[in-house]
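# Observations on the three-dimensional arrangement
Single-letter residue listing:
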Amino acid sequence: AVEGLAKICIPDPQLYRRENGLYEPSWAPVFYNPKMIENRDICVAFLKMMLEERRDIVVLDPLAATGVRSIRIALEADPSRDFIALYMGDISLNAVEIMRHNIELNNINKNVFIRHADANEFIYQLVKREGIAPSYIDIDPFGSPAPFVYAALNGVKRDGVVALTATDLAVLEGRYKSKLFRRYGVVGVKAVQSKDIALRVLLSFIVRAAAIYDRYIEPVISYAMNHYVRVYVKVSKGGLKADKILKNCLGVAWCCTNCSYSYMDYMENNIHRSVKCPVCGGRLDPIYPIWICGIGDEKHIEKLIGIANEMYWLQKSSRVLLENIYRVSRVNSLTTRLTYLAKVFKINVPSTYDVVECLQQKGFRASRSYIYSDGVATNASINDLIECMKR
Ligand code: SAM
């Protein structure tokens with residue numbers, strides 16, 4: 001396969017296709033998913049951005065599979081191969097072999113180190129025994145990143161970045177209440193805007209895990225796409241700052257599954273009372289603790305868009321996604337779904353474009369959701385939103 005500027009040897013899907021014609025990348029001996037190109041495109045642009053801000057980056061990619069991600073970082077973010085050292089690993093020997101082959105195939109012959117190891121073991125080994133602190137760690141597992149979060153947050157260099165992919169979206173979204181609590185320590189139900197919630201559940205888990213090490217996080221970019229969510233967090237040191245962030249950034253989402261009205265609140269306000277939805281009279285369900293601060297840093301996302309635009313070989317869909325993420329991150333609110341609200345008010349569903357324009361004219365921040373086609377994110381009150389819908 002060719003992806004970005006890399007040539008990658010991957011397992012032939014034909015060999016692992018089931019009799020009914022189905023194929024899942026996880027059925028092959030080494031994992032390669034072409035549907036994750038946007039995920040890697042943004043990752044490569046992110047590393048290019050990091051390299052503009054600091055020199056000498058150590059990248060740790062401990063669940064590397066074919067190695068495509070790190071190879072692309074090498075070729076596309078640091079073609080001189082002078083500034084980024086790559087540490088790649090996988091628990092599968094097949095993966096490690098194909099990774100080595102792919103490194104040769106792309107003529108990457110310096111600053112690259114491959115190891116056959118468990119990801120947590122690799123992180124601890126590198127940091128604690130060899131004294132090499134990675135400035136960027138990429139956790140890209142099958143399913144949940146939770147089993148690798150502690151090692152990554154503890155291992156990453158001060159002010160470094162940890163990026164995580166989670167494909168256990170159903171759990172993060174709250175489809176299985178007990179698993180949501182068991183895996184992420186969050187109480188809740190599946191909301192109408194559950195993908196927004198999924199991101200905030202993951203960030204809540206990460207900030208609490210970081211706090212154990214007197215560390216705190218600042219999300220640089222967070223997004224949901226298809227079957228996964230992805231977050232990039234900057235990790236810094238400081239117990240007092242960690243306390244402050246836990247206090248200000250962990251809270252409750254109150255969500256009405258009937259009309260999609262929702263809001264985020266601090267933890268102090270009693271979460272045990274049952275609350276009536278002020279819009280439709282239905283029930284508001286609490287989901288907590290979730291991350292209620294911003295999920296992205298406007299300046300960095302803007303910069304990332306600029307960098308991605310210069311990298312002409314990236315997918316157009318990756319550039320579009322970044323623009324979308326930028327728009328929505330600026331608002332920092334949960335999505336309201338117009339089809340749900342319209343049903344309650346017995347009106348036709350207005351276009352999200354018109355509603356957003358109306359809200360912006362009133363002076364609010366507002367954006368169409370890129371996740372829900374009927375979704376609007378805004379800092380306006382629900383009354384202002386309803387007024388714009390009825391116009
Ligand atoms: N990052 C890759 C990419 O961008 O193409 C895809 C990684 S794939 C989703 C997950 C990989 O993690 C698989 O290759 C699997 O063998 C590996 N893996 C699973 N458990 C692991 C563990 N405990 N330690 C290290 N690698 C592991």
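Refer to the structure above for everything that follows.
If you're wondering where the values come from, they're calculated on a predicted model, not measured in any experiment.

### Comments concerning the state of the cysteines
What makes a disulfide is a covalent bond joining the sulfur atoms belonging to two cysteines. The full count for this structure, using the stated rule, is two disulfides. A disulfide bridge connects Cys 249 with Cys 293, and the sulfur atoms are separated by 2.0 Å. Measuring the twist about the S-S bond at about -85°, one finds the Cys 249-Cys 293 disulfide to be left-handed. On the criterion of sequence distance, the pair formed by Cys 249 in helix α10 (residues 239-249) and Cys 293 in the loop between β13 (283-291) and α11 (298-310) is long-range, its members being 44 residues apart. The exposure class of Cys 249 is buried, given its relative accessible area of 7%.

### Here we look at the site of the ligand
Around the ligand, the surrounding shell holds 18 residues, and the nearest of these are Leu 63, Asp 90, Asp 118, Ala 119 and Asp 140. Here an oxygen atom of the ligand sits 3.0 Å away from a polar atom, N or O, in the side chain of Arg 40. Expressed as a share of its isolated accessible area of 600 Å², the protein-covered part of the ligand is 89%.

### A closer look at unusual backbone geometry
A negative phi angle is the norm for most residues apart from glycine, just as the trans form is the norm for most peptide bonds. Here the amide bond leading from Tyr 288 into Pro 289 is cis, since omega sits at -10°, within 30 degrees of zero. Among the secondary structure elements, Pro 289 is positioned in strand β13. The phi dihedral of Asp 159 falls on the positive side, at around 65°, and the residue is not glycine. Mapped onto the elements of the fold, Asp 159 is located in the loop between α6 (146-155) and β7 (160-166). Taking the relative accessible area as the measure of exposure, Asp 159 reaches 31% and is therefore partly exposed. Phi is positive for Asn 332, close to 50°, though the residue is something other than glycine. Tracing the sequence through the fold places Asn 332 in the loop between α12 (316-329) and β14 (335-337).

How each quantity is defined
- Residues numbered from 1 in each chain as written.
- Predicted model: local features only at pLDDT ≥ 70, side-chain atom pairs only at ≥ 80, totals over all residues.
- Heavy atoms only, no water.
- Disulfide = S-S within 2.5 Å.
- Helix = DSSP H or I, 4+ residues; strand = E, 2+ residues; numbered from the N terminus.
- Buried < 20%, exposed > 50% of the residue type's maximum accessible area, 1.4 Å probe, protein only.
- Near = heavy atom within 4 Å.
- Polar contact = N/O pair within 3.5 Å; in protein donor to acceptor, adjacent residues only side chain to side chain.
- Areas by Shrake-Rupley, 256 points an atom, 1.4 Å probe, with all protein chains shown as cover.

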